[in-house]
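Examination of the molecular architecture
For reference, the chains in residue letters:
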Amino acid sequence: MSQTQNFVIIVAAGKGIRMGADVKKQYLCLDKIPILARTITAFDRCDFINEIVLVVPAEDLTYCRETIIDPYSFVKKIHMVEGGQQRQDSVYNGLKTVADKVISPNESIVLIHDGVRPFVSPGMIENCIETAVKHGACLPVISVSDTLKRVDKDGHVSATIERRYLYCAQTPQTFRLSVIQAAFEYAERSGFTGTDDASLAEHSGHPVVICEGSKFNIKLTTPEDLALGEFFLGMDI
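In this report, the structure presented in the accompanying data block is examined. (Residues numbered from 1 in each chain as written. Predicted model: local features only at pLDDT ≥ 70, side-chain atom pairs only at ≥ 80, totals over all residues. Heavy atoms only, no water.)

So, the packing of helix α3 (residues 87-101) against helix α5 (residues 177-190)
For any two helices packed against each other, one specifies the crossing angle of their axes together with the interaxial distance. Note the threshold: Helix axes are fitted only over the stretch in contact, all axes being lines through C-alpha atoms; the angle between N-to-C directions runs from 0 to 180 degrees. Numbering goes from the N terminus for both helices and strands, where a helix is a DSSP run of H or I of at least four residues and a strand is a run of E of at least two. Working rule for angles: under 35 degrees goes down as roughly parallel, over 145 as roughly antiparallel, 65 to 115 as roughly perpendicular, anything else as oblique. Left-handed describes a crossing in which the near helix is turned anticlockwise from the far one by less than a right angle; the clockwise case is right-handed. Here a residue-residue contact requires only that any non-hydrogen atoms of the pair lie within 4.5 Å.
The N-to-C vectors of α3 and α5 enclose an angle of 135°; their axes lie 11 Å apart at closest approach. Classified by the angle between their axes, α3 and α5 sit oblique to one another. For α3 against α5, the interelement crossing comes out left-handed. Every residue of α5 that contacts α3 at Q88, V91, Y92, L95, V98 and A99 is listed here: L177, I180, Q181, F184, E185, A187 and E188.

Description of the packing of aromatic side chains
Condition: Under the pairing criterion, centres of Phe, Tyr and Trp rings, with the six-membered ring standing for Trp, must be within 6.5 Å; the plane angle then separates stacked pairs below 30 degrees from edge-to-face pairs above 60, leaving the rest tilted. Relative accessibility decides the category of a residue: with a 1.4 Å probe and only protein chains considered, values under 20% of the type maximum give buried, values over 50% give exposed, and everything between is partly exposed. The rule for a charge over a ring is simple: NZ of Lys or CZ of Arg within 6 Å of the ring centre, and within 35 degrees of the ring normal.
The full count for this structure, using the stated rule, is 6 aromatic pairs. Summarising the aromatic geometry, the rings of Y72 and F74 are spaced 6.2 Å apart at their centres and angled 35° between planes, so their arrangement reads as tilted. Looking at Y72, the relative accessible area reads 29%, which means it is partly exposed. Members of the aromatic cluster, connected to one another through ring pairs, are F119, F216, F231 and F232. Residue placement shows K96 over the ring face of Y92; its charged tip is 4.4 Å from the ring centre.

Things to note about the state of the cysteines
Rules: Cysteine sulfur atoms are paired as a disulfide whenever they come within 2.5 Å of each other.
Per the stated rule, a full pass over the model turns up 0 disulfides. Between C138, a cysteine without a disulfide, and C211, which holds the nearest cysteine sulfur, the sulfur-to-sulfur distance is 3.3 Å.

Description of the pairing of strand β11 (residues 173-176)
The cut-off we apply is this: In this scheme, strands are said to pair when DSSP sees at least two bridges between them.
Alternating residues of β11 divide into Q173 and F175 and T174 and R176, and every residue in both groups is buried. In terms of strand pairing, strand β6 (residues 108-114) meets β11 through 4 bridges, oriented antiparallel. Bridge assignment links I112 to a residue of β11, and that residue is Q173. As paired elements, strand β7 (residues 137-143) and β11 share 2 bridges and run antiparallel to each other. The partner of C138 across the bridge, within β11, is T174.

Observations regarding the packing of α5 against helix α6 (residues 197-204)
It is at 8 Å that the axes of α5 and α6 come closest, and there the two elements cross at 75°. Relative to α6, α5 is oriented roughly perpendicular. Listed contacts from α6 to I180, A183, F184, Y186, A187 and S190 of α5 are D197, L200, A201, H203 and S204.

Topic: the side chain of S199
Tracing the chain through its elements places S199 in helix α6. For S199, a relative accessible area of 10% puts it in the buried group. Here S199 is in contact with F192 and G194, once residues within four sequence places are set aside.

Coordinates in, geometry out; function isn't part of it.
Structure, rendered in C-alpha cells:
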C-alpha cells in the first residue's frame, strides 16, 4: 500500500424519503445499532483509513454527536461537516474540510461513501485506494446480470440493451484529492450536476477506472433493503 494520507467522506445528509420511516434512514437500526454507526465502524476499523469526515444535515449535528459518535468509542478522528442543499454540495463541503487537513493534495486519497452502505469490506476499501493511487480515480462496480429493456413513453418495450459493458456503480468512489478537487471546481464553473462523484471526474476529462464491487455492498434505501441488511447480519459477512 502506497504511503498516502487516506480520508473517507461519509455522506449522510439525505432525508431518506423512500424508506417511509419516521426517522431518516441513516439513523434506523440494524440489530439495535444505527446504520450510520455501522458504516462509520467499517472505516474506523480499517487500517488504510487515517481520518473520517462525516457530512450530516446541519440540524442533526448535535444528534449525530450524541447518538451516533459518542456511544461507540470510535478510534479514528471524526470531523463533522454540515451538508448542503444537494448531495453534490454536501460532498463538496466534505472535500473542503479534507483539503484543510492534508499536506499534499496529490499525495492524498479521498474515498466518498454513502452513509447507508454499512457492508463495505476492508478488502474493497484497500482495492479502491490502490486503484486510485495508480490511476487517480476509481469506481467500484458490479456487473449487470438482468436483461435490460428500453421502454417508450407509452410503456412499450422498444429495445433490448446489450449489457456486456454495463455496470452498477457503488461507493466508496475513490480519488486523488487533487483530481476530485479539480473536478468539483470545474463542475461549479460549468454549472454541471452529476449523479455521482465519478461523473464529475468524467465531466472534467479525467478517466475513471473501475474495480470490483460486491453484491453485499448494498445501499439501504427501502424497507426491503433493510430486511436484506438484517439477513446479511445473520450471515456474518
